[in-house]
Number of protein chains: 4
Amino acid sequence: MTHSYVLTFSCDDEPGIVSAASTALLQLGCTITDAQHFDDQLTGRFFSRIQFDTVRADLEKSEVSAGLSPVLTSFDATWTVTSTDERMRVLIMASKLDHCLVDLLYRWRTGELPMDVVGIVSNHPREVYQNIDLGDLPFHHLPVTKDTKADQEAKLLGLVDEYRVDLVVLARYMQILSDDLSAKLAGRCINIHHSFLPGFKGAKPYHQAHARGVKLIGATAHYVTGDLDEGPIIIQDVEPVTHRDTPDQLVRKGRDIERRVLAAAVRHHLTGRVLTNGSTTVVFAD
Amino acid sequence: MTHSYVLTFSCDDEPGIVSAASTALLQLGCTITDAQHFDDQLTGRFFSRIQFDTVRADLEKSEVSAGLSPVLTSFDATWTVTSTDERMRVLIMASKLDHCLVDLLYRWRTGELPMDVVGIVSNHPREVYQNIDLGDLPFHHLPVTKDTKADQEAKLLGLVDEYRVDLVVLARYMQILSDDLSAKLAGRCINIHHSFLPGFKGAKPYHQAHARGVKLIGATAHYVTGDLDEGPIIIQDVEPVTHRDTPDQLVRKGRDIERRVLAAAVRHHLTGRVLTNGSTTVVFAD
Amino acid sequence: MTHSYVLTFSCDDEPGIVSAASTALLQLGCTITDAQHFDDQLTGRFFSRIQFDTVRADLEKSEVSAGLSPVLTSFDATWTVTSTDERMRVLIMASKLDHCLVDLLYRWRTGELPMDVVGIVSNHPREVYQNIDLGDLPFHHLPVTKDTKADQEAKLLGLVDEYRVDLVVLARYMQILSDDLSAKLAGRCINIHHSFLPGFKGAKPYHQAHARGVKLIGATAHYVTGDLDEGPIIIQDVEPVTHRDTPDQLVRKGRDIERRVLAAAVRHHLTGRVLTNGSTTVVFAD
Amino acid sequence: MTHSYVLTFSCDDEPGIVSAASTALLQLGCTITDAQHFDDQLTGRFFSRIQFDTVRADLEKSEVSAGLSPVLTSFDATWTVTSTDERMRVLIMASKLDHCLVDLLYRWRTGELPMDVVGIVSNHPREVYQNIDLGDLPFHHLPVTKDTKADQEAKLLGLVDEYRVDLVVLARYMQILSDDLSAKLAGRCINIHHSFLPGFKGAKPYHQAHARGVKLIGATAHYVTGDLDEGPIIIQDVEPVTHRDTPDQLVRKGRDIERRVLAAAVRHHLTGRVLTNGSTTVVFAD
């Protein structure tokens, strides 16, 4: 039986890294089945995702890691190797709007999103989601007010630790994370927000977009950083709208874009296709 | 032989306007072949575009206007009626980047843009465009510096008057029009500019977009107003980009979007499909 | 309080129909809020959708119909008038693949699809859908074999009559309807199927598309006619794919397109925006 | 100064090829700047495109080839190595419709298409293109009738040899190439044709698409093979259309898609991004 692994790494762009990594894989008895590299010539940083198979039934991930480590260390690379059998442990956070939550759960059940959902956190009680089959998923009601925010975030972080969470997905979770929490979740927390041309700040963005007569509305999935809605972008998409679209219709069309952009970003993250590159990302095509 | 006309009007939304207008057309012996109405329920303003044919060979536009005038006046409408044989008189303004200019001229020659190009204005000399067949088109070199700007704009306005220009197209004309000139050209001057998610202000926008890792780049065609790049939007479009796209490639992809968005906006304007609605537009589909 | 209605009609293109209809509406005390007309110059057929409000609380639909009938009859029009409060009664049919079913139910619950779901029919038992909250919706298991097909379709037609079904949605229902049933459901049965460039007939279309190296996959929602998958098209959409996409990934991407194309087609039908025109359709923008 | 090269190869998927190739490049003093690999698990064929730099000013392409040859030969690979300074020699063929010709020439002059245009062939005389600045480009009028077809194709092939043509672009050249000529130009001749959902055979495809009420029209760029319009697909794209679009408007919209799809296919071919894979292609993203 074949075992399949994904190696991702980034390092300064020096000659020999591809040769060294691929030779190490060959010596481990592994066959490269897919590889994408990218050399950012503006920053001199090199990024790579290599998918490889082994037919050695007894090849453990620890052995793979041990075989790759000397090479990658010598290039001072940041790297991870994961078995495609491993599934990230994901915590989904939602508020009243449940379209992204419903969509993620559906794609998880059909196997489209290869993850283990370890729980759902909401600032609203479970009754809000009565039409959704949450099955046995642990549900955590963590209400939040200005005064209790620090406490609520501490509880949230407790869950992240307790469940050994690999990824937090903000599925239209309508609370702003503190800078401190954002920093602690850096690189493992994905958010979705609306995007317009031009952009709008403040409340009721769809109403602002309508007033301005935009002809495209969109959504952006990005990693959360301290700078709200400004973290490294993973996926973006848009849809055309017209003068006929009332603010309510913009909201409806926005829901469709939001859920498919968020699902695509999560899928790319889960399969090791997103590497951060300073304030931007390298997204290897799936 | 059939004559074809387009009536566009906007007025406060009161009962009876469609009935009155269509009855007036019936009495003139005209048949409605296409009509689109839009009632902006947020502002209480009604917009209409009615295309109609007449088989009366002797029906003059003045007679059509005279027949429609009482009805439209009684509703205090802003209105125009044009024969589809009439062609708007268009002045194209360009700078060194000629992709939009080339594209507009090609679409004009093939009949795709039903307009009369009455001249080209550039702040650069004709030699810049030596690979473009300008044919007999009058070419006006109007260089501009900070000190000569008022003078240059006066000359430009002189051309607009002299040629009885219906529409000025800023085909990547890289000079900012003064508030005064913008006001004088209100509703008859279309500009194209890049658009990103999120937006960027200042110089080298494609470089800024690259640094931010945007995954979509786009262009917006809009009417020029005193508020630069903020006039009523006519058409927008985007294309996906990836981490592989250098700033130079973003510029190249941007050119494609800019030229097709500008051409689409001009075509919609030329065929009476764009009605301004405060800070936004009603764009009737073609 | 305002009541809102939609009038749709088609008739031969003769002068005066818009004038007559809008005058009749005026006399009923109604205000046109949205209208789209289309004159098919190749066939000489005229299509119209007029949305109008009345402030007369006591205005019944029967009175509206009575007021419009003489005019529309005199033009020999095919017409319907519906209150926007009325909701179509919809029967959803599904097989094992449940992505379209799930999506339709979600959009129904959120109010995005203004319909009454009167039941679900499947050729598979209810257990197949155990992760979907079907609530109180009547579920009908109608298994089918070659031998029982006539009988099964009779039962299905019985349900259509019993529930006074306005629209049957084939949400990836994998059985081919007989010509007879298709004819009986003409104009009130919407199907979704995959579409490729070029098209493929026969089994495993996604595998055929992969073998041919198509770069776009899509879906088409259409009315069912005796000519399978060839009825009047309502909505189509596509997504880009690459050589990396295995047949399984094509299937996954296809699911996303299928569910959003089907939902859009159903929404347009429910809101009276689709008028059939021989083998094609007039779809008035929403 | 840096020299930049592109290596493309395909071979049976055996362990070690990436290691061996990248090690050979390292020994030549080259640095990989971009690489994309693809392992077609259905056919067991491996495809690769590796872009690399050398700072050795004296490194000749022959030396690069000599250094890579043993490795690639040992894996029985089909391979090419080209300097990014080398430009393919391109012959453009056109008929009366000149939109693709104009577009290709514009993109060539702006440097967007890195190629040497060695001539233009048309079955119509030069006068047809009087509004296009052909500059010093050799123009060959090769009229064709049923009787002279063999002769005309012989002349065409003579030009291909004489000019050492690397790529023939059929820019809406409306003559069908014979099987014999198609075979001789296999892999170095790109064609553009319209695509619809569903597809249509025979004359006036845009009229057929209109009659069928399609909601998307598109174009496909592909390599020419004996099986007309059925060669390996390189790029496809579509645009939405509506019931308002007459056949003439479909043709107009089709022109826009055709020219941008063709230009994209040519650009991908020129930069070594398209590898054929039986009846399909591997297209490495630009």
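Keep in mind that this is a model prediction, so the values were computed, not measured.

**Regarding the overall build of chain A**
Okay, so step 1: Each helix and strand counted, chain A has seven helices and 13 strands in total.
Okay, so step 2: The 286 residues of chain A split such that 61% are buried.
Okay, so step 3: Of the contacts formed within chain A by residues at least 6 apart in sequence, a portion of 65% connects residues at least 24 apart.
Okay, so step 4: With 29 positive and 38 negative side-chain charges, chain A shows a separation of 8 Å between the mean positions of the two kinds.

**A closer look at the pattern of salt bridges**
Okay, so step 1: Scanning the model with the defined rule gives 80 salt bridges over all chains in all.
Okay, so step 2: The partner of A:D286 in a salt bridge is C:R252, with the nearest N and O atoms 3.3 Å apart. Placement of the pair is A:D286 in the segment after β13 (280-283) and C:R252 in helix α7 (residues 247-270), with the two residues belonging to separate chains.
Okay, so step 3: Residue A:D286 is classed as buried on the basis of its relative accessible area, which comes to 14%.
Okay, so step 4: Two residues, C:E86 and C:K61, come together in a salt bridge whose shortest N-O distance is 3.0 Å. Highlighted residues: C:E86 in the loop between β4 (78-83) and β5 (88-94) and C:K61 in helix α2 (residues 61-74), separated in sequence by 25 residues.
Okay, so step 5: Residue C:E86 is classed as partly exposed on the basis of its relative accessible area of 41%.
Okay, so step 6: Here the salt bridges do not stand alone but share partners, grouping A:D103, A:R107, A:E112, C:R255, C:D256 and C:R259 into one network.

**As for the domain arrangement of chain A**
Residues and elements named next belong to chain A.
Okay, so step 1: Under the domain assignment used here, chain A contains domain 1 (4-83) and domain 2 (88-283).
Okay, so step 2: On a C-alpha basis, the centroid separation for the pair domain 1 and domain 2 is 31 Å.
Okay, so step 3: Each side of the interface is counted separately: domain 1 has 11 residues, and domain 2 has seven residues.
Okay, so step 4: Summed over the three residues of domain 1 that lose the most area to domain 2, namely T8, F47 and R49, the buried surface amounts to 63% of that side.
Okay, so step 5: Applying the counting rule to domain 1 against domain 2 returns zero salt bridges.
Okay, so step 6: If you look at where domain 1 meets domain 2, you find three residue pairs in polar contact (both at pLDDT 80 or more).
Okay, so step 7: If you list the elements that add at least two residues to the side of domain 1 that touches domain 2, you get β1 (3-12), β2 (30-40) and β3 (45-54).

**Some points on the interface of chain D and chain B**
Reports of interface size often rely on the accessible area that becomes lost once the parts have come together.
Okay, so step 1: The partner chain B presents 27 residues to the 27 residues of chain D that form the contact.
Okay, so step 2: With both chains or domains summed, chain D and chain B bury close to 2300 Å², and 35% of this area falls on carbon and sulfur atoms.
Okay, so step 3: Here chain D is connected to chain B by 12 salt bridges.
Okay, so step 4: Across the salt bridge formed by B:R255 and D:E112, the nearest N and O atoms sit 2.8 Å from each other.
Okay, so step 5: Here chain D and chain B share 16 residue pairs in polar contact (both at pLDDT 80 or more) between them.
Okay, so step 6: Broken down by secondary-structure element, the contributors of at least two residues to the side of chain D that touches chain B are β2 (30-40), α3 (99-109) and α7 (247-270) of chain D.
Okay, so step 7: A total of eight residues in the side of chain D that touches chain B trace back to one element, the largest contributor, which is α7(D).

**A look at the interface of chain D and chain C**
Okay, so step 1: Between chain D and chain C, the residue contacts involve 33 residues of the former and 33 residues of the latter.
Okay, so step 2: Counting each side, the surface lost to burial between chain D and chain C is near 2700 Å², with a carbon and sulfur contribution of 55%.
Okay, so step 3: Of all residues in chain D, D:L197, D:R212 and D:H243 bury the most surface against chain C, accounting for 26% of the area lost on that side.
Okay, so step 4: Between the two partners, chain D and chain C, sit zero salt bridges.
Okay, so step 5: Listed by contribution, the elements that provide at least two residues to the side of chain D that touches chain C are β2, β9 (189-196), α6 (205-212), β11 (233-240) and β13 (280-283) of chain D.

**Considerations on the relation of the copies chain D and chain B**
Okay, so step 1: Of the transformation superimposing chain D on chain B, the axial component is 0.0 Å and the angular component is 180°, with the fit at an RMSD of 0.0 Å. Expressed as an axis order, the relation between the two copies is that of a two-fold axis. Residue D:D133, judged by its C-alpha, is the member of chain D lying nearest the rotation axis, at 3.2 Å.
Okay, so step 2: The residues that chain D uses at the interface reappear at the interface of chain B in 100% of cases, marking a shared surface.

**Describing the nonpolar core**
Buried together is how nonpolar side chains tend to be arranged in soluble globular proteins.
Okay, so step 1: If you look at the biggest cluster of nonpolar residues, it comprises 49 residues, and the most contacted ones within it are A:F9, A:F52, D:F9 and D:F52.
Okay, so step 2: Among the elements that make up this core, the one with the highest residue count is helix α1 (residues 17-27) of chain A (six residues).
Okay, so step 3: Excluding residues that lie within four positions of it along the chain, A:F9 makes contacts with A:I17, A:A21, A:F46, A:F47, A:S48, A:I50, A:L72, A:A77, A:T78, A:W79 and A:L275.
Okay, so step 4: Counting residues in hydrophobic clusters, the runner-up holds 48 residues, among them B:I17, C:L7, C:I17 and C:L28.

**A closer look at the pairing of strand β12 (residues 274-277) of chain C**
Residue and element names in this part refer to chain C.
Okay, so step 1: As paired elements, β12 and strand β13 (residues 280-283) share four bridges and run antiparallel to each other. In the sheet register, L275 faces β13, and the bridge partner there is V282.
Okay, so step 2: Where β12 folds back on β13, the antiparallel hairpin that results is connected by two residues, among which G278 adopts a positive phi of roughly 65°.

About the criteria used
Counting from 1, residues in each chain are numbered in the order their sequence is written. All chains are assigned letters beginning with A, and all ligands numbers beginning with 1, in the order in which they are written. Residue-level local features of this predicted model are given only where pLDDT is at least 70; pairs of side-chain atoms are given and counted only at 80 or more, and the full residue set underlies all totals for whole chains, interfaces and linings. Note that the side-chain values use all heavy atoms of the structure and ignore hydrogens as well as water. In this text, helices come from DSSP runs of H or I with a minimum length of four residues, and strands from runs of E with a minimum of two, each type numbered from the N-terminal end. Buried means the residue's accessible area, taken with a 1.4 Å probe over protein chains only, is under 20% of the maximum for its type, while exposed means over 50%, and partly exposed covers the values in between. Between two residues, a contact is recorded if the distance between any of their heavy atoms is within 4.5 Å. Under the convention used here, Asp and Glu are negative, Lys and Arg are positive, and both His and the chain ends fall outside the count. Each charge is placed at NZ for Lys, CZ for Arg, CG for Asp and CD for Glu. Should a side-chain nitrogen of Lys or Arg be within 4 Å of a carboxyl oxygen of Asp or Glu, the pair is scored as a salt bridge. Domain limits in this description derive from either an automatic procedure or a database domain assignment. Accessible-area loss on putting two parts together, using a 1.4 Å probe and summing over both, is the definition of buried area adopted here. Under this definition, polar contacts are N or O atom pairs within 3.5 Å; protein pairs additionally need one hydrogen-donor-capable and one acceptor-capable atom, and for neighbouring residues in sequence, both atoms have to be side-chain atoms. For the least-squares superposition of copies, only C-alpha atoms count, and only for residues with pLDDT at least 70 in both. Definition used in this section: a nonpolar core is a set of buried Ala, Val, Leu, Ile, Met, Phe, Trp, Tyr and Cys residues joined via side-chain atoms within 4.5 Å. Between any two strands, at least two bridges found by DSSP are needed for them to pair.

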